[in-house]
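Residue strings, one per chain:
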Amino acid sequence: MKSPANTPSTVFPQAQHFVSKFHNTHNYFDGSLPPVLSVQPGELIHVETYDCFHGAVQSSHADPNQVLAAIPREQLNPVTGPIFVHGAEPGDWLAVQLLDIRPEGEGVACCSTHSGQLCHWMTEEITTKFFQVKGDTVIMKEDTAASRRIAPIGFPKRPMLGVIGVAPKGDPILTMPAGKHGGNMDNNCHGIGATIYIPVQHPGALLSVGDMHASQGDGEISGTGVEIGGHVLLKCGILKKESLLPLSSSNNNDIPQSLPEFPVTETATHWITHGVLEENIPQTTNIACQEAACLLVRQWGFTKEEAFVFLSTAANLGLCQSCHPDQGTQIAKMVVPKIDACPRPFRVLWEQEQEEKQQQ
């Protein structure tokens, strides 16, 4: 097993481990991949990532659109890893906390005639746009043609990771789709401070991350955010399967699942469930709603009726990935506010907080 743990990190000097993007990337999640790093829960890890095009598309190219068109779909979204987390076993949930995300270099986005809600407007097969990241602002580089715009196209930087996943139980899965293992979730809430909980399917989980965006809108309707490489500081925790037992109640009997099947995200103000399917946006929204209701009923004692009404009156249903038409997965999200009745996605997290407060 490679062990770059002692490599110095100038970007995050507090990190205890560093994983370079060089020679440590792959394009699929697979339990047979040898880990590049072994860590203990809670240790700080600096992970370096390529952009989704593996650094191949640059504004300096004579024809970046041609370069982009030549990249096979199965070579998109390289991820760095896998990282073996000691103590993570199948049935547990891996908690991946994103402590910092720092984009580096030039960003790129594109649109085409074959994918996304406005593809029928496009006249060129592929159009590529490049971006500069200046401080907290992302700025689209100007076209050479005269423009009637009143200002440059600039907007706030919102760095996030598009791909976060673990090795799946069965056959290898490319990094492009999303699934129960995580993968290409493209949730723009996966930014600094977020924690992503992923069901563990292999010993050590075998975590890999990549597909950094300097910014990405809900739905990512053209198929890209501001694709960029950079640096991530993260740490991993483990929720043991025995700590996630649901509440015992007759109200639970006809709820088909005791835990969500897809990853769950937590921010400072909300927790978020997901629904994932290929080319079926309406059904993805249904799955995301059921996943959220499952947690409300099984973890927090809501009745089915209370969960239904609460999600309708206080939560927000949205789309992470809605690049349609497209051959890839479509991803919905249900964003649930943290209130006293459901302050965390999993009850054990709240119980741990209460114990810590009593000890202080």
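Residues numbered from 1 in each chain as written. Predicted model: local features only at pLDDT ≥ 70, side-chain atom pairs only at ≥ 80, totals over all residues. Heavy atoms only, no water.

**Notes on the overall build of the protein**
In plain terms, the rule: Working definition: helices are DSSP H or I runs of at least four residues, strands are E runs of at least two. Numbering for both runs from the N terminus. In this setup the radius of gyration rests on C-alpha atoms only. A globule is expected at 2.2 Å times the number of residues raised to 0.38. Exposure classes here rest on a 1.4 Å probe applied to the protein chains alone. A residue is buried below 20% of its type maximum, exposed above 50%, and partly exposed in between. Residue contacts are defined here by distance: any two heavy atoms, one from each residue, within 4.5 Å place the two residues in contact. Each accessible area value is a Shrake-Rupley result obtained with a 1.4 Å probe; residue values ignore everything except the protein chains displayed when judging cover. We score Asp and Glu as negative and Lys and Arg as positive, and we do not count His or the chain ends. A single reference atom marks each charge: NZ on Lys, CZ on Arg, CG on Asp, CD on Glu.
Counting its secondary structure elements, the protein contains four helices and 21 strands. The C-alpha radius of gyration computed for the protein amounts to 21 Å, which stays within 12% of the reference 21 Å derived for 360 residues, consistent with globular compactness. Oriented by its inertia axes, the alpha-carbon framework of the protein measures out at about 65 × 50 × 40 Å. Expressed as a percentage of the 360 residues in the protein, the buried residues total 52%. Within the protein, residue pairs in contact and separated by at least 24 positions form 76% of the contacts whose partners lie at least 6 positions apart. By element, 53% of the accessible surface of the protein is carried by carbon and sulfur atoms, the whole surface being about 16,300 Å². The averaged location of the 37 negative side-chain charges in the protein is 4 Å from the averaged location of its 23 positive side-chain charges.

**Concerning a nonpolar patch on the surface**
What counts is decided by this rule: Patch definition: residues above 30% relative accessible area lacking any salt bridge, with like charges linked at up to 9 Å and the nonpolar side chains Val, Leu, Ile, Met, Phe, Trp and Tyr linked at up to 5 Å. Basic side-chain nitrogens of Lys or Arg form a salt bridge, by our definition, when they fall within 4 Å of a carboxyl oxygen of Asp or Glu.
Where nonpolar side chains cluster on the molecular surface, the patch consists of Leu 118, Trp 121 and Ile 221 and spans about 330 Å² of accessible area. Within the secondary structure, Ile 221 sits in the loop between strand 16 (205-213) and strand 17 (227-239).

**A look at the pattern of salt bridges**
Evaluation of the coordinates by the stated rule reveals 10 salt bridges. Salt-bridge contacts for Glu 261 lead to Lys 180; the nearest nitrogen and oxygen are separated by 3.6 Å. With Glu 261 in the loop between strand 17 and strand 18 (264-266) and Lys 180 in the loop between strand 13 (178-179) and strand 14 (182-184), the pair connects residues that are 81 residues apart, well separated along the chain. A network of salt bridges, in which partner residues are shared, links Glu 266, Lys 338, Arg 344 and Glu 353.

**Thoughts on the nonpolar core**
Our working rule: Definition used in this section: a nonpolar core is a set of buried Ala, Val, Leu, Ile, Met, Phe, Trp, Tyr and Cys residues joined via side-chain atoms within 4.5 Å.
Leu 94, Leu 98, Leu 207 and Leu 234 are the most contacted members of the largest nonpolar core, which totals 33 residues. The set of elements that each furnish at least two residues to this core consists of strand 4 (37-39), strand 5 (45-49), strand 6 (79-85), strand 7 (93-112), strand 11 (160-165), strand 15 (195-199), strand 16 and strand 17. At five residues, strand 7 tops the list of elements feeding residues into this core. Other than its neighbours up to four places away in sequence, Leu 234 contacts Glu 43, Leu 44, Ile 45, Val 47, Val 96, Gln 97, Leu 98, Leu 99, Leu 207 and Val 209. The next biggest cluster of nonpolar side chains, apart from the first, holds 27 residues, and it includes Tyr 197, Trp 300, Phe 302 and Phe 310.

Function-wise, these values are silent; they only describe arrangement.
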